[in-house]
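A closer look at the structure
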Amino acid sequence: MPSYEVSRVRGDFPILSQPHHADVPLIYFDNGATSQKPQAVLDALTQFYTHHNANVHRGIHRLSEEATEAYEAARRKVARFINAASRREVVFTRGTTESINLVANTWGRANLRAGDVVLTTVMEHHANLVPWQMLAAERGFEIHYLGVLPDGTLDMAEAERVLSEGRVRLVALTHASNVLGTVNSVRTMVRLAHAAGALVLADGAQMVAHHAVDVAALEVDFYAFSGHKMYGPTGIGVLYGRRAILEAMPPWMGGGDMIETVTLSGSTYAAPPARFEAGTPPIAQAIGLGAAVDYLSTLGMEAVHAHLSELTAYALAWLADIAGVEVVGRSVKRAPVLAFTVEGVHPHDVAQLLDSAGIAVRAGHHCAMPLHAHLGLVATTRASLGIYNTRAEIDTFAQALKDLTHVHAR
Amino acid sequence: MFTPDEYRQIILETANNRRNWGALTPNDFDHHEHNPLCGDHLRLTLRLGEGGVIEAVGWEGAGCAISQASASLLGEKLVGMRLADALRITRGEVLAQIGLPLMPTRQKCALLALRVLVVGGAGAPAWEAGEG
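The sections below set out a description of the structure shown in this document. This one's a predicted model, so the numbers in the text were calculated from it and none came from an experiment. (Residues numbered from 1 in each chain as written. Chains lettered and ligands numbered in written order. Predicted model: local features only at pLDDT ≥ 70, side-chain atom pairs only at ≥ 80, totals over all residues. Heavy atoms only, no water.)

**Concerning the overall build of chain B**
Within chain B one finds five helices and three strands. Reading chain B from its N terminus to its C terminus gives the helix and strand order α-β-β-β-α-α-α-α. Burial status across chain B gives 43% buried among its 132 residues. Across chain B, contacts joining residues at least 24 apart in sequence account for 54% of those joining residues at least 6 apart. Accessible surface for chain B amounts to roughly 6200 Å². Of this, 52% is attributable to carbon and sulfur atoms. (Helix = DSSP H or I, 4+ residues; strand = E, 2+ residues; numbered from the N terminus. Buried < 20%, exposed > 50% of the residue type's maximum accessible area, 1.4 Å probe, protein only. Contact = heavy atoms within 4.5 Å. Areas by Shrake-Rupley, 256 points an atom, 1.4 Å probe, with all protein chains shown as cover.)

**Examining the overall build of chain A**
Within chain A one finds 14 helices and 15 strands. A compact globule built from 410 residues should have a C-alpha radius of gyration of about 22 Å, and chain A, at 22 Å, falls within 12% of that. The principal-axis extent of the C-alpha atoms belonging to chain A is close to 75 × 55 × 40 Å. Across the 410 residues in chain A, those meeting the buried criterion constitute 57%. Here the analysis covers contacts within chain A between residues at least 6 apart in sequence; of these, 71% occur between residues at least 24 apart. Accessible area of chain A: about 16100 Å², with a carbon and sulfur share of 54%. Both charge centroids of chain A, one from 32 positive and one from 39 negative side chains, sit 5 Å from each other. (Rg over C-alpha atoms; globule rule 2.2 N^0.38 Å. Lys, Arg positive; Asp, Glu negative; His and termini not counted. Charge placed at Lys NZ, Arg CZ, Asp CG, Glu CD.)

**Quick word on the nonpolar core**
All names here are of chain A. Counting residues in hydrophobic clusters, the biggest one holds 144 residues, and the most contacted among them are V220, Y223, F340, I387, F397 and L401. A per-element tally of this core places helix α10 (residues 283–299) first, with eleven residues. Looking at which domains feed residues into this core, each of domain 1 (6–30 + 300–409) and domain 2 (42–297) gives three or more. Formed by 23 residues, the second largest nonpolar core is a distinct cluster that contains L135, L199, F222 and L246. (Core = buried A, V, L, I, M, F, W, Y, C linked by side-chain atoms within 4.5 Å. Domains from an automatic or database assignment.)

**With respect to the packing of aromatic side chains**
All names here are of chain A. By the definition in use, this model includes nine aromatic pairs over all chains. For the ring pair F13 and Y231, a centre distance of 5.9 Å and an interplane angle of 75° mean the geometry is edge-to-face. On the criterion of sequence distance, the pair formed by F13 in the loop between α1 (6–11) and β1 (27–28) and Y231 in the loop between β7 (222–226) and β8 (237–241) is long-range, its members being 218 residues apart. The two residues F13 and Y231 agree in class, both being buried. Between F340 and F397 the ring centres are 6.0 Å apart and the planes differ by 65°, which places this aromatic pair in the edge-to-face class. Of the two residues, F340 sits in strand β12 (residues 337–342) while F397 sits in helix α14 (residues 391–409), which places them 57 residues apart along the sequence. What makes F340 buried here is its relative accessible area of 0%. (Phe/Tyr/Trp six-rings, centres within 6.5 Å; stacked < 30°, edge-to-face > 60°.)

**Brief notes about the layout of surface pockets**
Taken as a whole, the largest pocket encloses approximately 520 Å³ of empty space. Considering the residues around the largest pocket, the lining is formed by 23 residues, among which H348(A), A351(A), V361(A), A363(A) and T105(B) are closest to the centre. Looking at the lining of the largest pocket, the elements that each hand over two or more residues are α12 (347–356), β13 (359–360) and β14 (362–364) of chain A together with α5 (104–122) of chain B. Here the lining of the largest pocket is composed, by residue class, of ten nonpolar, eight polar and five charged. (1 Å grid on protein atoms, 1.4 Å probe; cavity = no way out; pocket = protein on both sides within 12 Å on 5 of 7 lines; lining within 4 Å. Points joined across faces, edges and corners; volume = space filled by probe spheres on them. Nonpolar A, V, L, I, M, F, W, Y, C, P; charged D, E, K, R; others polar.)

**Focus on the pattern of salt bridges**
For the coordinates displayed, the defined rule picks out 26 salt bridges over all chains. Notably, a salt bridge pairs D294(A) with K77(A), separated by 2.8 Å at the nearest N-O pair. With D294(A) in helix α10 and K77(A) in helix α3 (residues 62–81), this residue pair connects regions lying 217 residues apart in the sequence. For D294(A), a relative accessible area of 33% corresponds to the partly exposed category. Notably, a salt bridge pairs D349(A) with R106(B), separated by 3.5 Å at the nearest N-O pair. Taken as a pair, D349(A) in helix α12 and R106(B) in helix α5 lie in two separate chains rather than in one. (Salt bridge = Lys/Arg side-chain N within 4 Å of Asp/Glu carboxyl O.)

**Side note on empty space enclosed by the protein**
Residues and elements named next belong to chain A. All chains considered together, the criterion is met by two cavities of 30 Å³ or more. For the largest cavity, the calculated volume is near 120 Å³. If you go around the largest cavity, you meet 14 residues; those closest to its centre are N31, Q206, A209, H210 and L385. Considering only residue class, the lining of the largest cavity consists of eight nonpolar, five polar and one charged. Inspection of the lining of the largest cavity shows a minimum of three residues originating in each of domain 1 (6–30 + 300–409) and domain 2 (42–297).

Right, dumping it as structure tokens:
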């Protein structure tokens, strides 16, 4: 099995060597919210601003050409990373949320009308629910929310039934749940959806950082993800779209860079991806994302996946052993995300206590309120793992949780 | 920052010593608010006497130790105060009662109790102006 030296990876992340509180080292288990950044990404940002800063696709001067070349090189890196057929299928956005809003506001507004159905799921992040609700209020189509089975997987029988009714135009589902950890079979959903004449948008925000993603093999129509959850900078994300679909889509935001010609009587628009990148893009951030892709590719996504699968299984075994701790979601195929409850202790209190032990986790509804309502929970505590986490950190975490469950037992 | 022991102490004390818990019926004041960030919710009921003096306080709801401890402490302070004066209790007074430094997100937990009182009695609290 491919592997890498975790201690060497830890050395690449400066923030990990800084204490969390005096004398308490940092154990960063909030990677599902955002990951830390390796020196290579920090260097890429500094290098760009120090030596190559200029606007892209505009100047005739040398710096502008360097900036344009670096920005487009980052696009090629991302295209290769997800196995897109062409760099033209990679649109840079601010993040997953903007990517999904882009699809809703261009493809959605042009194609969805009363009588149509958008099929999504109860386990979605708000980013893949609210844009469809907003558009449905305007266009009058229906949204069907696919249920979640007790083990935390999607009800695929229900998906088949709803798709067979022939009104679904789009299936919008997460590739990996940010709460349950469930990895959904996007490939299966694509087969069912395409047979029913529907397109598929997958939210890959919780997938790309720990598992190789091949959009060609998935045959997915749209794939959205963020740079900052995969060791890249904030403010940069990706919308992958199949070329023929992107080419038929109207623009969303208007402005510079997205046009072909502008006259006072109207404008014609550039081809994708420029059509969807109005205004000055996040240039340095895109270049930083390119550096993150290089970093992950050097480790190898198979090695990354092997490390995180092993670590997740180790953490699950530990948590199963602590009385009063209940992990939410039991899917076999899962992302390195562990949401849990501690009997008698509010998730905020769990998170606060773990923080005092140097462990950064998230507490709340994790932008998935409908899922928490479905589970009958107000909130959960979530530990989400990254490439630099270790078994020793899981041991410290589990011991802190054990201490916490003893608070009430004393 | 809390030490684990300090925080454990808060959780324990809160669990064991929640004061004025349980809604009052009948009542002269009944208001409910929630914190959309975490889903914590809190209901405050008051019984008023002569001159609008608070005679009894009853809390109900679910939340973290900080929000519950803060409600418990604020409730004790309210008994015997005129409601009009209670509505002028400041954010700083409530945070000081907790007696431990709180990060801004946890300050929201601590202030939920005051928020229920002030919103129920007078509308949006002044400290939230500009927060959107």
